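# Reading the structure
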There are 2 protein chains.
Amino acid sequence: MHRITGHGDKGAAIVAALNQARSVLLCVHQIPDGDALGSLSALLTTLQKQGKTVIAYCRDVVPQIYRFLPAMELVQQTFPEDASSIDVAVVMDCGDLERVCTNPDFLQNVAMLVNLDHHVGNPLFGHFNWVDTEAAATGEIIYQLHEMAGWPITADVATALYTSLMTDTGSFQFSNTTAYTLRLAAELREKGARIEEIRREVYESRTLRSLRLLQQALSTLQLSTNGKIAWIGVSLQDKERIGAIHEDFEGLISYPRTIKGVEVALLFREIEAGTVKVGLRSQSTIDVAAIARHWGGGGHRRAAGCTIKGTMAEAEQQLLAVVKECLDED
Amino acid sequence: MHRITGHGDKGAAIVAALNQARSVLLCVHQIPDGDALGSLSALLTTLQKQGKTVIAYCRDVVPQIYRFLPAMELVQQTFPEDASSIDVAVVMDCGDLERVCTNPDFLQNVAMLVNLDHHVGNPLFGHFNWVDTEAAATGEIIYQLHEMAGWPITADVATALYTSLMTDTGSFQFSNTTAYTLRLAAELREKGARIEEIRREVYESRTLRSLRLLQQALSTLQLSTNGKIAWIGVSLQDKERIGAIHEDFEGLISYPRTIKGVEVALLFREIEAGTVKVGLRSQSTIDVAAIARHWGGGGHRRAAGCTIKGTMAEAEQQLLAVVKECLDED
Ligand SMILES: [Mn+2]
Ligand SMILES: [Mn+2]
């Protein structure tokens, strides 16, 4: 199971550094996803087994749906006191050090900083950078690191990496799913990846709150411009009535987005009185990042966000006017 | 790409029969799913290319989300006049001839009947039966038939078979996903399976009606017995107000089913005044088929259904009483 990656030299240096290290700090981005935490879980499990002192850092607590991943109980929200106590720091699935923490200087002060990632535009902030933008998930790189080092892929490691692959490919539906990704998934399945557990924990552990939120949001569903624009909204009042938290909003925008014929989908969230956060998704050539920049926001062509001062109605009015203009020009 | 299947002899006989046939009838089960139609699309595409007369039969029309599959425009809802005009009839993804049509005698009168399936309990109704209950999807068998025959896996065939695998494994999440299934998916990806198209058509082409129905159904969501039972209902009046059709109900029961802690989920659908269809799902050891049999229904341990005479409220009351009893005994 091997892909020619062109990371042989860097990979060998990273393996050597990790093999020699006595204390390792592992970091992932804030608001962590399945790829970040799957990668973290795999490397944490492997290095711990080798008797190293391993510190796992994530600015945010591990979301409920990922707490089943091996060793997640070790993830902490603070850095150690002293950067000099760390031999190697590894940052995973992170295209930007600012996404790790508010004090990235700490990481720059560690003797060796390793950057394992697959995001386009990663600025190669580490002393060693293994950035493969063809990889569907950082989990692919973590697997290759194991392979190169000869570290065993246990059932725990396989379960963590399968979670990485699965969550970053939308369950092998997105176009980033390559034949390599699927062959790797086959290897992991063979090595004991517990896919029933992944399904149950990641995909089938909805909270009652999230369903109440979905019902409320769908009750606001509107379409315009021949069904090319669809939007939903959640007011502060509704959010509080339901008791919804950040995680409950996960995936909500996919409901208007996946209606047949919709080109641009919007989610309006009142985050405080007079402030509305807007999520934008494009299913067409419309560049929603360009739209979001009107209000100082940003993102990618197909997924972006911005924050608008005003009421929900004002935010909707402003956004829709610009989206309609873009659709007219298209 | 080969799995030892033990179907070598039968497989060779089936290949020989199909190679010799001039007219072939291909059939799948009623209310067809992605595996049935993906298998049908693949074999239909391949045999048509060989210049054979191929008739594709399905009792029900092809659901909108599967109409993108190659050659689906050829699927018809009637059998040809005369069984003797058919050299070989192939029934795919069908554990029971009664699921194909109301006149299975027609198929018994064809010179050669071939049964390609993966359902446990398939009664081997064909003259040749290739039934592999280890296969995640009938699509795996159709692939192996191509491999054995040396028929090319074109991008169209690959797209059809990827759809088979993906839909019957819940996007590679269910435990029937084997390492072989994933390696096969890798092969199909390499051979040009258009996974972006599959995602868009199968998973991202919701109807507005289905979202209205979801919103209405979620507004009826109730839980009892410490959150172990969850149910939703759709009255005839609500169904008609929304204009929902059969396909819009697809996947609806997964919403109560996937709430964390739920062991039994129920969907109540008033199909006419005084008649309620009930869908049952189990996430635990509770055997919902046994529950459904109280009302003359049936199914599997984890997925079953029955029909109850009475109002929605009466149906709920009766079902819940029995489900609670089962939970108490458990
Ligand atoms: Mn990632
Ligand atoms: Mn099937």
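Residues numbered from 1 in each chain as written. Chains lettered and ligands numbered in written order. Predicted model: local features only at pLDDT ≥ 70, side-chain atom pairs only at ≥ 80, totals over all residues. Heavy atoms only, no water.

In the annotation of an unreviewed UniProt entry, the entry for chain A reads Bifunctional oligoribonuclease/PAP phosphatase NrnA, and the organism field reads Heliorestis convoluta.

## As for the relation of the copies chain B and chain A
Condition: Least-squares superposition of the copies uses the C-alpha atoms of those residues scoring a pLDDT of at least 70 in each of them. Any two residues whose heavy atoms approach within 4.5 Å are treated as being in contact.
Superposition record for chain B on chain A: RMSD 0.0 Å, screw rotation 180°, translation along axis 0.0 Å. The transformation relating the two chain copies, once decomposed into turn and shift, fits a two-fold axis. Of the residues that chain B buries at the interface, 98% are likewise interface residues in chain A, meaning the two copies contact each other through the same surface.

## Some remarks on the pairing of strand β12 (residues 303–309) of chain A
Residues and elements named next belong to chain A. The line we're drawing: The rule is simple: take the accessible area with a 1.4 Å probe, protein chains only, and divide by the maximum for that residue type; under 20% is buried, over 50% is exposed, in between is partly exposed. For the purposes of this entry, the term helix denotes a DSSP run of H or I that reaches at least four residues, the term strand denotes a run of E that reaches at least two, and both are numbered from the N terminus. By definition, two strands form a pair when at least two bridges between them are found by DSSP.
On β12, burial follows the alternation: A304, C306 and I308 on one face are buried, whereas A303, G305, T307 and K309 on the facing-out side are not. For strand β10 (residues 275–282) and β12, the ladder comprises seven bridges, and the chain directions are antiparallel. Within β12, the position partnered with V276 by the bridge is I308. Sheet topology note: the strand β11 (residues 298–299)/β12 ladder contains two bridges and is antiparallel. Of the residues in β12, the one forming a bridge with G298 is G305. Counted along the chain from β11 to the antiparallel partner β12, the turn is three residues long.

## Regarding the packing of helix α4 (residues 138–149) of chain A against helix α6 (residues 179–190) of chain A
Each packed pair of helices is defined by two parameters, the angle between the axes and the distance between the axes. Residues and elements named next belong to chain A. Stated formally: Axis definition: a line fitted to C-alpha atoms, limited for helices to the stretch in contact. Angles are taken between N-to-C directions and run from 0 to 180 degrees. Comment on the angle field: the value is read as roughly parallel under 35 degrees, roughly antiparallel over 145, roughly perpendicular from 65 to 115, and oblique elsewhere. The hand of a helix crossing depends on one turn: near helix anticlockwise from the far one by less than a right angle means left-handed, and clockwise means right-handed. Under this grouping Gly is polar, as are all residues other than the nonpolar Ala, Val, Leu, Ile, Met, Phe, Trp, Tyr, Cys and Pro and the charged Asp, Glu, Lys and Arg.
Remark: α4 packs on α6, axes separated minimally by 11 Å, with the N-to-C direction vectors making an angle of 60°. Accordingly, the angle class assigned to the pair α4 and α6 is oblique. Crossing hand, α4 versus α6: left-handed. Contacts from E140, Y143 and Q144 of α4 reach α6 at Y180, T181, L184, E187 and L188. Here the contact of α4 with α6 is built from residues that sort into four nonpolar, two polar and two charged.

## A word on the interface of chain B and chain A
What counts is decided by this rule: When two parts are put together, the accessible area they lose, computed with a 1.4 Å probe and summed over both, is reported as buried area. Any Lys or Arg side-chain nitrogen located within 4 Å of an Asp or Glu carboxyl oxygen qualifies as a salt bridge.
With 42 residues of chain B in contact, the opposing surface of chain A contributes 41 residues. Between chain B and chain A the total buried area reaches about 4100 Å² when both faces are included, carbon and sulfur atoms providing 54% of it. Summed over the shared surface of chain B and chain A, the number is eight salt bridges. A salt bridge links B:R183 to A:E187; the shortest N-O distance between them is 3.3 Å.

## A short note on the coordination of the manganese ion (ligand 1)
Residue and element names in this part refer to chain A. Put simply, the test is: Coordination shells were defined by N, O and S atoms within 2.8 Å of each metal, extended to 3.2 Å for Na, K and Ca; water is absent from the atom set, which can make sites look incomplete.
Donor atoms from the polypeptide that coordinate the manganese ion (ligand 1) comprise D35 (OD), D93 (OD), H118 (NE2) and D168 (OD), at 2.1 to 2.2 Å from the metal. Coordination of the manganese ion (ligand 1) draws on donor residues from a single chain, spaced D-x57-D-x24-H-x49-D in sequence. Placement of the pair is D35 in helix α2 (residues 34–49) and D93 in the loop between β4 (88–92) and α3 (105–108), with a sequence separation of 58 residues. Each of the two residues, D35 as well as D93, counts as buried.

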